[in-house]
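Residue-level structural notes
The chain contents come next:
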Amino acid sequence: MNKVFISDIFASYQGEGLFVGEKHIFVRFSLCNLNCIYCDEKASKLKGSEFEIDKVISKIRKLSEKEYTNIISFTGGEPLLYSDAIKKIINSLGSNYKYLIETNGVLYKEMKKIINIVDIISMDIKLPQYCNKILWKEHYNFLQISEQKVYVKVVVGRDVKIKDFRKAVLLVSKVCNRIPFFIQPISSQSLSFDIEFFDKLYRVAREKLENIRFLPQIHKLLKIK
């Protein structure tokens, strides 16, 4: 794979998960293998522009020098649709950079190809009511591969089914109960949640997990990329 479809390559502040507030270079790949009902990311549905891999590498290097950051976030869409290209990019850039994969946590065979060369994995667990698919097996396989490098996000709405949220918690605990676990409200609803609701979800998660955090998408609240 010498060409990839990319929506954008840019520098901004990380708005989700374990590294909120850090400046990253984002490589946003186009298209996704899922169709979650809350997704508002255009890159998931639009093909984007075709890039030569060498051009991607060059742009990353220039942004890194300009923006004073060496942290690369491969995001999307679903970046693991391009695992072979990501491998080429990382092997070319080398160990002077740190690499984060932001993924829906389904394509575990693709993750296995690059697990040894990425530094951290931001993995979603997709609840069935939001993606219209049952993906527990895929998520479990993905977690087993990624255990030493992963943190987990579960996106929830006010209508979340507690039994499915509990299944997500149990799934993570079966692999390791110390994996960081983020409860993330659907962005369009984040300002209308009440703390009692999140306390309820926290208590469910705390039955099995040790490292739980509630965090909205900060970049959406700040209206930045």
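Scroll up to find the structure this text is about.
Presented here is an overview of the structure given in this document.

Criteria and thresholds
Residues numbered from 1 in each chain as written. Predicted model: local features only at pLDDT ≥ 70, side-chain atom pairs only at ≥ 80, totals over all residues. Heavy atoms only, no water. Buried < 20%, exposed > 50% of the residue type's maximum accessible area, 1.4 Å probe, protein only. Helix = DSSP H or I, 4+ residues; strand = E, 2+ residues; numbered from the N terminus. Contact = heavy atoms within 4.5 Å. Pairing = 2+ DSSP bridges. Axes fitted to C-alpha atoms, helices over the stretch in contact; angles between N-to-C directions.

**Observations regarding helix α5 (residues 136-146)**
Buried residues of α5: Trp136, His139, Asn141, Phe142, Leu143 and Ser146, and no others. On its buried face, α5 sits against β5 (98-103), α3 (108-114), β6 (120-124), α4 (128-131), β7 (150-156) and α6 (162-175).

**Considerations on the sheet that holds strand β4 (residues 71-75)**
Spatially, β3-β1-β2-β4-β5-β6-β7-β8-β9 is the arrangement adopted by the nine strands of the open sheet, whose pairing is mixed. At either end of the open sheet lies a strand with only one pairing partner, and these are β3 (49-52) and β9 (212-214). Going from strand to strand, the sheet's axes swing by 30 degrees on average, the running direction of each strand aside. Sheet topology places strand β1 (residues 3-13) next to strand β2 (residues 23-29); seven bridges connect them, and they run antiparallel. Its bridge partner being in β2, Tyr13 is matched across the sheet by Lys23. Helix-sheet contacts for α6 involve β7 and β8 (181-185), and the interaxial angle to β8 is about 155 degrees.

**Section: the environment of Ala43**
Mapping Ala43 onto the fold places it in the loop between β2 and β3. Along the primary structure Ala43 and Arg28 are separated by 15 residues, whereas in three dimensions their C-alpha atoms are 7.4 Å apart. Once you skip the residues sitting within four places of it in the chain, Ala43 turns out to touch Ser7, Arg28, Phe29, Ser30, Leu31, Gly76 and Gly77.

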